[in-house]
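# Overview (structure and organization)
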Amino acid sequence: MTAPMTLQDYLALAGPAPDLRIAYGDAPSQFVELFLPPGEGPFPVAVLIHGGCWTVQYGGIAQMGSMAGALAAQGIAVWNIEYRRHDEEGGGYPGTYRDVAAAVDLLRSEPRVDLQRIVIVGHSAGGHLAQWAASRHRLPRWSPAWTDDPLPIPSVISLGGLADLRNQAALIRSSCERETAQLAGVPSAARPDVFADTSPAEMLPAGIRTVLIHGERDTVSPPSVGEAYAHRARAAGDAAETIVLPGTGHYDEVAACSPCWPLVEGQIRIALGLG
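Within every chain, residues take consecutive numbers counted from 1 along the sequence as written. Local features in this predicted model are restricted to residues of pLDDT 70 or higher, and side-chain atom pairs are both shown and tallied only at a pLDDT of 80 or more, whereas totals for entire chains, interfaces and linings draw on every residue. Neither water nor hydrogens contribute to the side-chain values; these are computed over all heavy atoms in the structure.

### Brief notes about the overall build of the protein
- Strands are runs of DSSP state E lasting at least 2 residues, helices are runs of H or I lasting at least 4, and numbering of each runs from the N terminus. Broken down by element type, the protein carries eight helices and eight strands.
- For 275 residues, the compact-globule formula gives about 19 Å, and the C-alpha radius of gyration of the protein, at 17 Å, lands near that figure.
- Each of the three principal axes of the protein carries a C-alpha extent, and together these read 55 × 45 × 35 Å.
- Three labels apply to residues, based on accessible area from a 1.4 Å probe with only protein chains included: buried if under 20% of the type maximum, exposed if over 50%, partly exposed otherwise in between. When each of the 275 residues of the protein is scored for burial, the buried share is 59%.
- Whether two residues are in contact is decided by their heavy atoms: any pair within 4.5 Å suffices. For the protein, restricting intrachain contacts to residue pairs at least 6 apart in sequence, the fraction spanning at least 24 positions comes to 75%.
- To measure how exposed things are, a 1.4 Å probe is used in the Shrake-Rupley method; for residues, cover is taken only from the protein chains shown. For the protein, the computed accessible surface area is about 10,700 Å², with 53% contributed by carbon and sulfur atoms.
- Charge separation in the protein, taken as the distance between the mean sites of 19 positive and 29 negative side-chain charges, equals 5 Å. Throughout, radius of gyration means the C-alpha value; the globule benchmark is 2.2 Å times the number of residues raised to the power 0.38. Counted as positive: Lys and Arg. Counted as negative: Asp and Glu. His and the chain ends are not counted at all. We put the charge of a Lys on NZ, of an Arg on CZ, of an Asp on CG and of a Glu on CD.

### Describing the state of the cysteines
- Two cysteine sulfur atoms make up a disulfide if the distance between them is within 2.5 Å. Across all of its chains, the model carries one disulfide by this definition.
- Paired by a disulfide, Cys53 and Cys176 hold their sulfur atoms 2.0 Å apart. Because the torsion about its S-S bond is -65°, the bridge between Cys53 and Cys176 counts as left-handed. Of this pair, Cys53 sits in the loop between strand S3 (43-49) and helix H2 (65-73) while Cys176 sits in helix H5 (residues 169-176), placing them 123 residues apart in sequence.
- Judged by its relative accessible area of 2%, Cys176 is buried.
- Cys260 supplies the cysteine sulfur nearest to Cys257, a cysteine that is in no disulfide, at a spacing of 9.4 Å.
- For Cys257, a relative accessible area of 65% translates into the label exposed.
- Classification of Cys260 as buried rests on a relative accessible area of 8%.

### Section: the pairing of strand S2 (residues 31-35)
- Among the five residues in S2, five count as buried, and that is most of the element.
- Of the two faces of S2, the one holding Phe31, Glu33 and Phe35 and the one holding Val32 and Leu34 are both buried throughout.
- When DSSP finds at least two bridges between two strands, those strands are taken to pair. Where strand S1 (residues 20-23) lies against S2, four bridges are found, and the strand directions are antiparallel. Bridging from a neighbouring strand, Arg21 pairs with Glu33 of S2.
- Taken together, the four bridges between S2 and strand S4 (residues 77-81) define a ladder with antiparallel strand orientation. Looking at the pairing, Leu34 lines up with Trp79 of S4.

### A few points about H5
- Residues of H5 that are buried: Ala169, Ile172 and Cys176. Down the axis of H5, the buried set is contained in an arc of 65°. They therefore lie on one face. With respect to the buried face of H5, the exposed residues turned more than 90 degrees away are Ala170 and Ser174.
- Just downstream of H5, Glu177 is the residue with a positive phi angle, here 55°. The directions considered for the arc run from the helix axis to the C-beta atoms.

### Here's the deal with the sheet that holds strand S8 (residues 239-245)
- Strand order across the open sheet formed by eight strands is S1-S2-S4-S3-S5-S6-S7-S8, with mixed pairing between neighbours. Looking at strand neighbours, the two that pair on one side only are S1 and S8, the edges of this open sheet. On average, each strand axis in the sheet is inclined to that of its neighbour by 20°, with strand direction left out of account.
- Inter-axis angles, ranging from 0 to 180 degrees, are taken between N-to-C directions of lines fitted to C-alpha atoms, where helices are fitted over the stretch in contact. Along the sheet, helix H3 (residues 95-105) makes contact with S2, S3, S4 and strand S5 (113-123), crossing S4 at roughly 160°.
- On top of the sheet, helix H4 (residues 125-134) reaches S3, S5, strand S6 (155-159) and strand S7 (209-215); it is set at about 145° to S5, its chief contact.

### Describing the side chain of Glu253
- Along the polypeptide, Glu253 turns up in the loop between S8 and helix H8 (261-271).
- We count a salt bridge whenever a side-chain nitrogen from Lys or Arg sits within 4 Å of a carboxyl oxygen from Asp or Glu. Buried and unpaired, Glu253 has Arg217 as its nearest opposite-charge partner, separated by 12 Å.
- Any N or O atom pair separated by 3.5 Å or less is treated as a polar contact, with the protein-specific requirement of one donor-capable and one acceptor-capable atom, and with residues adjacent in sequence counted only for side-chain atom pairs. There is a polar contact of 3.4 Å between the side chain of Glu253 and the backbone nitrogen of Gly160.
- Contact partners of Glu253, with chain neighbours within four places excluded, come to His123, Leu159, Gly160, Ile213, Gly215, Leu245, Cys260, Trp261 and Val264.

### Some thoughts on helix H7 (residues 223-236)
- Helix span, as expected, comes to 1.5 Å for every residue beyond the first. Between its first and last C-alpha, H7 extends 20 Å over 14 residues, near the 20 Å set by a 1.5 Å rise per residue.
- Every buried residue of H7 is listed here: Pro223, Val225, Gly226, Tyr229, Ala230 and Ala233. Seen end-on, H7 carries its buried residues on one side only, within an arc spanning 155°. Along H7, the residues that are exposed and aim more than 90 degrees away from the buried face are His231 and Ala235.
- For H7, the elements touching its buried residues are H4, H5, S7 and S8.
- Downstream of H7 by a residue or two, Gly237 has a phi angle that is positive, lying close to 105°.

Coordinates in, geometry out; function isn't part of it.
In structure tokens:
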């Protein structure tokens, strides 16, 4: 059996250059990369959100290039999002969430994609943000990240995600050395529950389909994390399932060179109606 990918293996991941880089703000991390397949389109589109424990320490958008190149080669456009993390100026709460919202909604301006065939895919911390992005229509109006017409996204694929900020606070602390205040802000009289507009688990039911994919040997976000979220989502009336990848860790699922990639790609194709 092949050993699971290490953090160093993950940081070495790369892919082809994007067809276009588009800024959605003035900060260095406020941009998206567009990867287009050959042909005229409009193409089905996968929105990608990288992980890295919500910090600049552990890679970022570059590592998602491996997935992006593989998907584009299969006829799927890719909208690869960069965003300000908690340790960048303006990041954390609410900046990170506003960035993701702005980057996702900017997709409406790209005429070469088919917004009726869209899936959002996030890895690790990006799984949290992907699930949040697809659930934004559930945000309370008082949230700084609220918008009146968020782009509808019917399907989410979370790869080793950490999306229940309340119940997974201890795991996030041990796995990522991140505290709740760094990800969700601090309570106030106007906002006593910091998870109400930051944790997808508190925004159920969202009326979306969520596939939670975890490596069998993932110690950052073990399969029990996905199973707990799926159980909670189904209890609320949403469609959710967990898939465990045998013999893999936390990074294998984002590498197009890994043995488990055909399964991950297959789930993306299913979500896009490509079979």
